[in-house]
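Structural overview for review
Spelled out from the first residue to the last, the chains are:
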Amino acid sequence: MIDLTCPQCGAENSIEEDIRRFCGNCDFPLFWADPPEAAPTPLQEELNDEDEQEQGQEEDDIDAQVDDVICRNCALRNPGDRTYCQRCGEELPAPEEWFDPNSPVEVIQDEPDRSIWSHLALPVLATLVIGVGVAAALIWWLDVFSDPGPVVVRVLDQSGDTGYDTAIVFGGTQASPFIVYREAAEKAVRVMRCTSSDCGSRISPAISVDEEGDPGHGLAVDLMDGPVIVYRVSATGSLVEARCATFLCADELGTRGFHPIDESDDVGYEPAIAVGGSVAFLTYRDAGNGSLKAALLCRSECGDGDGEVVAAMSRRGRIINVLAGSEEGSDTGYDSAVAIPSAASPFVAYRDAANPSLLLIRCLTQACSQASAPVELASGDVGHDAAMVIDPETKAPVIAHRDNTSGDLVVVFCGDEECTENRAPPTVVDRGGDQNHSVGHSIVMGRGIADMPVIAYRDDTAGVLKMALCGDAACTDDNRVIAVIDDGGAGDSPAAVGFDIAMTIHDGTAYLAYRDDTNKSLKFAAVDLERLKAEATEPGGQQGLSAWIRGGR
C-alpha cells in the first residue's frame, strides 16, 4: 500500500501500488499524482552519481559543439573548421550564420528604420489631441525623415588613410555587398562585409586580409565559389590571389588561402578580372618588359592545350600567356578591361603607350593562348581608365574610355564580335572639354535598365562622382541621363570624391564603393536606377539631384 494526497481535493488515500485508483473523495485519477519519494538505496545513490557525471560530460560535449556547423542537406554536425560536409560533401553554411557570439566582431547599424508608416500612428493621434502646433511639428518631421530618393550614400571606413583600389561584388547568403580596399597608413588589404543590401548594417571592424609587403595595389575581385581577390604586392613586385571560401573571408575560420599568380619582377599593374564558367580570367601589365599578360585561374585543375599549366591539379592551377608587347621598346597593356560573353572566350581592351591608341583583342581560347589581331578603336592620347561590357543582343563589346586630350568620356559600340564593319562612330557621353572639365576618370561599367550600359566615373575638375544611364547600346545623346551621385557634401568648398570607383549591379540597383580623397575615407552608394532615371528626367530633375544625395547621406 502507498499513501497519496489527492492534488484536487487534498484527501488522503491509501491504495495498492500496482492498481490505478481514483480519489475516494472527488474521483480524481490518482495515477496522475506524483508518488511519494522513497529513500534511495546504496545502489540507487551510486547510479545517481554516475548520471550526474554523464550529464556533466554531455554539457561539456554541448559546449564543444557550439562552433560546429549543421549541414543543410543531411543534418550532420560538422566541426566548425570545415567548409564542406564530411558525410555528403554539401557546402556548409557561411560563417556569419554561426559566428562565435563572444567574438569582438559586431554588426554596425547606421540608422534606424525611417519608414513613414512605422511612425505615423503617434503623430496622427497627437495632432488630434494637441492641434495645430503638433501638426506643424509633423510637417517638419515628414520633411526630415522622408524617403531620401534614388541615391543613398554612406561613409564605411574613416579610420585612417583608406579606401584605395576598391573592388566590390554582390552575393553570399545575406545577398549584400562584399567590398575590398587598401588601407594606406597600415599597408593592409581590408574586407568590409555588409549585412544589408544598402550597407546600412555591416560587420565591424573591417577584416584585415593581408598585411605583408604593402599589399593591395590594383585590387580586383570576382566570384568563383567564394570571392577571388587579386592584387599586387608592392614590396615583391608580384601578383597574388586570395581565395575566400566564405563571404566573411576571416583567417581564424580557416577558409582563406593565398596563391602566387605571377612572381616575375615588377608585374601585376592595373589587374582586371572576369569569371566565366569554372575559371577566372584576368589581365595585367608587366612593367618589367612592357607587356600585357593574361592569367587563367582554375577552380580545381586547368585543361591542357591552352598554355603552360602551373600547379595543374590544385586550386592554385593557372595558365599565363603574353597578349601583347614584351619585345624591345614595347610599353603597352595599360588600363586593361576584360569581359566574357556567355559561353565564349574573353575580349580584352587596353591602352598602348608606345604607339598611343586604344586596342581590342578577341581571344580565341579560354586562356587567350590564341587571339585575333588587335583592332584599333581610337588613336592618340586615348584609352585611359577603360571599362567594358558585352551587349547581350550582338554579343559584342561596348567600351568606355577617357580621351585625355579633350577631357571627354567616350563610348565605342562594336556592333559585332570583330568590332570592324558594324562599329558605330564614337559617342561622346560627357563633354568635359566643353565645360573646361576633365571627366571620365576611374571609369566602371555595368548593365542596368533593359541591359543597357551604366557608366560611373569621376569629374576630376568638379571633384564629384557621376553616372550615365544609357538608353541604347551606343549610349547616344537622346537616350541617356547623366546625374551627380556624390558631390562630396562640401557645399561651396572644393570636393574630391569618386576616386578608385568599383561597381556591381544587382536587381536594378547599382552598388558603388569609392574613395573620398578629402576625408581619406571609404564611401559607398546604392543607386536605384529606375528611380534615378525617372526623377532625373522630370522637369527640373537634374537640379534636384544634389538634394537627393544630401537626404540619403
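Everything discussed here concerns the structure shown above.
Note that the structure is a prediction, hence the values are computed from the model and not measured.

Definitions and cut-offs
Residues numbered from 1 in each chain as written. Predicted model: local features only at pLDDT ≥ 70, side-chain atom pairs only at ≥ 80, totals over all residues. Heavy atoms only, no water. Helix = DSSP H or I, 4+ residues; strand = E, 2+ residues; numbered from the N terminus. Buried < 20%, exposed > 50% of the residue type's maximum accessible area, 1.4 Å probe, protein only. Contact = heavy atoms within 4.5 Å. Areas by Shrake-Rupley, 256 points an atom, 1.4 Å probe, with all protein chains shown as cover. Pairing = 2+ DSSP bridges. Axes fitted to C-alpha atoms, helices over the stretch in contact; angles between N-to-C directions. Phe/Tyr/Trp six-rings, centres within 6.5 Å; stacked < 30°, edge-to-face > 60°. Lys NZ or Arg CZ within 6 Å of the ring centre and 35° of its normal. Polar contact = N/O pair within 3.5 Å; in protein donor to acceptor, adjacent residues only side chain to side chain. Core = buried A, V, L, I, M, F, W, Y, C linked by side-chain atoms within 4.5 Å.

The next subject is the overall build of the protein chain. A tally of helices and strands in the protein chain yields six helices and 35 strands. Split into buried and exposed, the 553 residues of the protein chain put 49% on the buried side. Taking the intrachain contacts of the protein chain between residues at least 6 apart in sequence as the baseline, contacts between residues at least 24 apart amount to 45%. A total of about 26100 Å² of accessible surface is found on the protein chain, and carbon and sulfur atoms cover 47% of it.

The next point concerns the sheet that holds strand β21 (residues 334–339). Across the sheet, which stays open at both edges, the four strands sit in the order β21-β22-β23-β24 with antiparallel pairing between neighbours. Both edges of this open sheet fall to β21 and β24 (375–379), since each of them pairs with a single strand only. Strand-to-strand, the axes of this sheet are offset by a mean angle of 20°, without reference to chain direction.

Another point: unusual backbone geometry. Looking along the chain, the bond that leaves S204 and enters P205 is cis, with omega of 0°. Here P205 lies in the loop between β10 (201–204) and β11 (207–210). One non-glycine residue, D451, adopts positive backbone phi at about 65°. In this fold, D451 is placed in the loop between β29 (441–447) and β30 (453–459).

Moving on, we get to the packing of aromatic side chains. Counted according to the given criterion, the structure contains three aromatic pairs. Ring geometry for F170 and Y511: centres 4.8 Å apart, planes at 25°, overall stacked. Highlighted residues: F170 in strand β7 (residues 164–171) and Y511 in strand β34 (residues 509–516), separated in sequence by 341 residues. On the accessibility criterion, F170 (12% relative accessible area) is buried. Summarising the aromatic geometry, the rings of Y511 and F524 are spaced 6.3 Å apart at their centres and angled 25° between planes, so their arrangement reads as stacked. Highlighted residues: Y511 in strand β34 and F524 in strand β35 (residues 521–528), separated in sequence by 13 residues. Across the pair, F524 and Y511 agree in class, each one buried. Three or more aromatic residues link up through ring pairs in this structure, and these residues are F170, Y511 and F524. A cation sits over an aromatic face here: R285 above Y269, 4.8 Å from the ring centre. Of note, R458 hangs over the ring of F499, and the distance from its end group to the ring centre comes to 3.8 Å.

The next subject is the side chain of T246. Examined against the element boundaries, T246 turns out to sit in the loop between β14 (238–244) and β15 (256–262). Residue class for T246 comes out buried when judged on its relative accessible area of 8%. There is a polar contact of 3.4 Å between the side chain of T246 and the backbone nitrogen of C249.

The next thing to look at is the nonpolar core. Nonpolar side chains in soluble globular proteins tend to end up buried together. M467, I485, M503, L512, Y514, V527 and L532 are the most contacted members of the largest nonpolar core, which has 22 residues in total. Of all the secondary-structure elements, those providing two or more residues to this core are β6 (151–157), β30, β31 (464–469), β32 (481–486), β33 (497–506), β34, β35 and α5 (529–536).

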